[in-house]
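Listed here are the chains, written in short residue letters.
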Amino acid sequence: MKTLGYYNGRYGELDEMTVPMNDRVHWFGDGVYDAGPSRNYHIFAIDEHIDRFFNSAALAGIKMPVTKAELRDLLNHLVKKVDTGDLFVYYQVTRGGYESRNHTYDESVPGNLWVMLKPSGFNDGTKPVKLVTEEDKRFFLCNIKTLNLLPSVLASQHAKREGAQEVIFWRRTPLGRRVTECAHSNCHIIRNHVLYTAPADELILPGIARAHLIRMCKKLGYAVSETPYYLDDLLEADEVLVTSSSNLCLRAEAVDGKTVGGRASEMYEELREHLIQEFMDATK
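In this text the structure is predicted, and so the values were computed from the model without any measurement. (Residues numbered from 1 in each chain as written. Predicted model: local features only at pLDDT ≥ 70, side-chain atom pairs only at ≥ 80, totals over all residues. Heavy atoms only, no water.)

Brief notes about the sheet that holds strand E1 (residues 4–7)
Here's step 1: Overall, antiparallel pairing links the 6 strands, which are arranged E2-E1-E6-E5-E3-E4 in an open sheet. Strand pairing shows two members of the sheet lacking a second neighbour, strand E2 (10–12) and strand E4 (42–43), which therefore form its edges.
Here's step 2: The sheet strands contacting helix H2 (residues 46–60) are strand E3 (31–39), E4, strand E5 (87–94) and strand E6 (112–119), and the helix crosses E3 at an angle near 175°.
Here's step 3: Of the strands in this sheet, E1, E4, E5 and E6 are in contact with helix H3 (residues 68–79), which crosses E6 at around 35°. (Pairing = 2+ DSSP bridges. Helix = DSSP H or I, 4+ residues; strand = E, 2+ residues; numbered from the N terminus. Contact = heavy atoms within 4.5 Å. Axes fitted to C-alpha atoms, helices over the stretch in contact; angles between N-to-C directions.)

What about helix H5 (residues 208–219)?
Here's step 1: For H5, spanning 12 residues, the distance from its first C-alpha to its last is 16 Å, which sits close to the expected 16 Å at 1.5 Å a residue.
Here's step 2: Against H2, strand E10 (186–191), strand E11 (194–197), strand E12 (223–225), strand E13 (239–243) and helix H7 (265–282) lie the buried residues of H5.
Here's step 3: Remark: Gly-221 follows H5 within two positions and exhibits a positive phi of approximately 90°. (Expected span 1.5 Å × (residues − 1).)

A look at the packing of aromatic side chains
Here's step 1: By the definition in use, this model includes 7 aromatic pairs.
Here's step 2: Residues Tyr-33 and Tyr-90 carry aromatic rings whose centres are separated by 5.3 Å and whose planes lie at 25° to one another, so their mutual orientation is stacked. Highlighted residues: Tyr-33 in strand E3 and Tyr-90 in strand E5, separated in sequence by 57 residues.
Here's step 3: Since its relative accessible area comes to 14%, Tyr-33 is described here as buried.
Here's step 4: A centroid spacing of 5.1 Å and a plane angle of 85° characterise the contact between Phe-53 and Tyr-91, whose relative ring orientation is edge-to-face. Here Tyr-91 lies in strand E5 and Phe-53 lies in helix H2, a separation of 38 residues in the sequence.
Here's step 5: Classification of Phe-53 by relative accessible area gives buried; the value is 0%.
Here's step 6: An aromatic cluster is present here, built from Tyr-33, Phe-88 and Tyr-90 joined pairwise through their rings.
Here's step 7: The ring of Tyr-196 carries the charged tip of Arg-191 above its face, separated from the ring centre by 4.6 Å. (Phe/Tyr/Trp six-rings, centres within 6.5 Å; stacked < 30°, edge-to-face > 60°. Buried < 20%, exposed > 50% of the residue type's maximum accessible area, 1.4 Å probe, protein only. Lys NZ or Arg CZ within 6 Å of the ring centre and 35° of its normal.)

Digging into the nonpolar core
Here's step 1: Ranked by internal contacts, the top residues of the largest apolar core, which has 25 residues, are Phe-53, Leu-71, Leu-75, Val-89, Tyr-91 and Leu-117.
Here's step 2: Of all elements in the fold, only E1, H2, H3, E5 and E6 reach the threshold of two or more residues within this core.
Here's step 3: When sequence neighbours within four positions are dropped, the list of residues in contact with Leu-117 reads Thr-3, Leu-4, Leu-14, Leu-78, Val-79, Val-82, Phe-88 and Val-89.
Here's step 4: Of all hydrophobic cores here, the second largest spans 20 residues; its members include Trp-170, Cys-187, Tyr-196 and Val-255. (Core = buried A, V, L, I, M, F, W, Y, C linked by side-chain atoms within 4.5 Å.)

Digging into the pairing of E1
Here's step 1: Side-chain alternation along E1 places Leu-4 and Tyr-6 on one buried face and Gly-5 and Tyr-7 on a second face that is also buried.
Here's step 2: Where E1 meets E6, 4 bridges bridge the pair, whose relative direction is antiparallel. Within E6, the position partnered with Tyr-6 by the bridge is Val-115.
Here's step 3: Counting the residues that bridge the hairpin from E1 to E2 gives 2 residues, and of these Asn-8 lies at a positive phi of roughly 50°.

Some remarks on the packing of H5 against H7
Here's step 1: The contact between H5 and H7 brings their axes to 10 Å, and the two run at 120°. Taken as a pair, H5 and H7 cross one another with a handedness that is right-handed. Mapping the contact onto sequence places His-212, Leu-213, Met-216 and Cys-217 in H5 and Leu-271, His-274, Leu-275 and Glu-278 in H7.
Here's step 2: Looking at the contact of H5 with H7 residue by residue, the class counts come to 5 nonpolar, 2 polar and 1 charged. (Left-handed = near helix turned anticlockwise from the far one by under 90°. Nonpolar A, V, L, I, M, F, W, Y, C, P; charged D, E, K, R; others polar.)

Description of the pairing of strand E9 (residues 176–182)
Regular strands place side chains that alternate from one sheet face to the opposite one.
Here's step 1: Across the 7 residues of E9, 5 count as buried, placing the element largely inside the fold.
Here's step 2: Pairing between strand E8 (residues 166–173) and E9: 5 bridges, direction antiparallel. Looking across to E9, one finds that Thr-173 is bridged to Gly-176.

A word on the pattern of salt bridges
Here's step 1: If you walk through the whole model with that rule in mind, you get 17 salt bridges.
Here's step 2: The salt bridge involving Asp-34 is made with Arg-52; its shortest N-O contact spans 2.8 Å. Linking Asp-34 in strand E3 with Arg-52 in helix H2, this pair joins segments that are 18 residues apart in sequence. Here the two residues Asp-34 and Arg-52 agree in accessibility, since each one is buried.
Here's step 3: One salt bridge connects Lys-68 with Asp-51, and the closest N-O pair in it is separated by 2.9 Å. Of the two residues, Lys-68 is situated in helix H3 and Asp-51 in helix H2; the sequence distance between them amounts to 17 residues. (Salt bridge = Lys/Arg side-chain N within 4 Å of Asp/Glu carboxyl O.)

Some points on the state of the cysteines
Here's step 1: Tallying each qualifying case throughout the model produces 0 disulfides.
Here's step 2: Of all cysteine sulfurs in the structure, the one in Cys-249 sits closest to Cys-217, which takes part in no disulfide; the separation is 8.2 Å. (Disulfide = S-S within 2.5 Å.)

This is the structure:
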């Protein structure tokens, strides 16, 4: 198969799959998701992603239709059905039940499990990216990886119009414009050989790639500060980094059209090389 879609036990090519119109995802975006890369049919950091997926479902009050072990086995089984092992592996659970549109729901009904697999390349982080900034107007449950992504969709389109690859969100606080995260990545800065990253509170999604970056910094002897930082800090940083499961470690060359970073290239390159090697070793 060139691609694969799965819904509650049925699967086929993505363009052949259908889902019931009364799945609550259509009415409310009522669900959570997770995703990550596969290489050589090996799904990278699968247990970390599944743990976060189940945590998101629990925070959203969605009853999982499978156990963690069952989901792990299912994903490893499904990737083997695709022609290439280099894939983007996406899965979501929407709140169960089929009925007319109603904001309330039956808490005892298991959710509906979706999986989507499609071929995907891998970004080794050697090419820097351009970023833009905008005010973070999302709600205060960003630590749940929900399907309610309209603000991120609009922000990503803003970046596309500006010729950039990602948007950095910030929120107004008494201390200034606090950087939270990106539309679909985490954001970090390097200053004086210290990695600064936003704390894992309700304003950001605790990224798996973020966790790997933090661990790698500590392994290599670099200090890490999980504390708020602000837009002025971002623009004055030695390096500006973005991380996600699809882009393990990228360096920014511009923010809002202004040149940034380039002053801690050796530290960035050391981190990038080690993170890529970690990925390659785990997906042999």
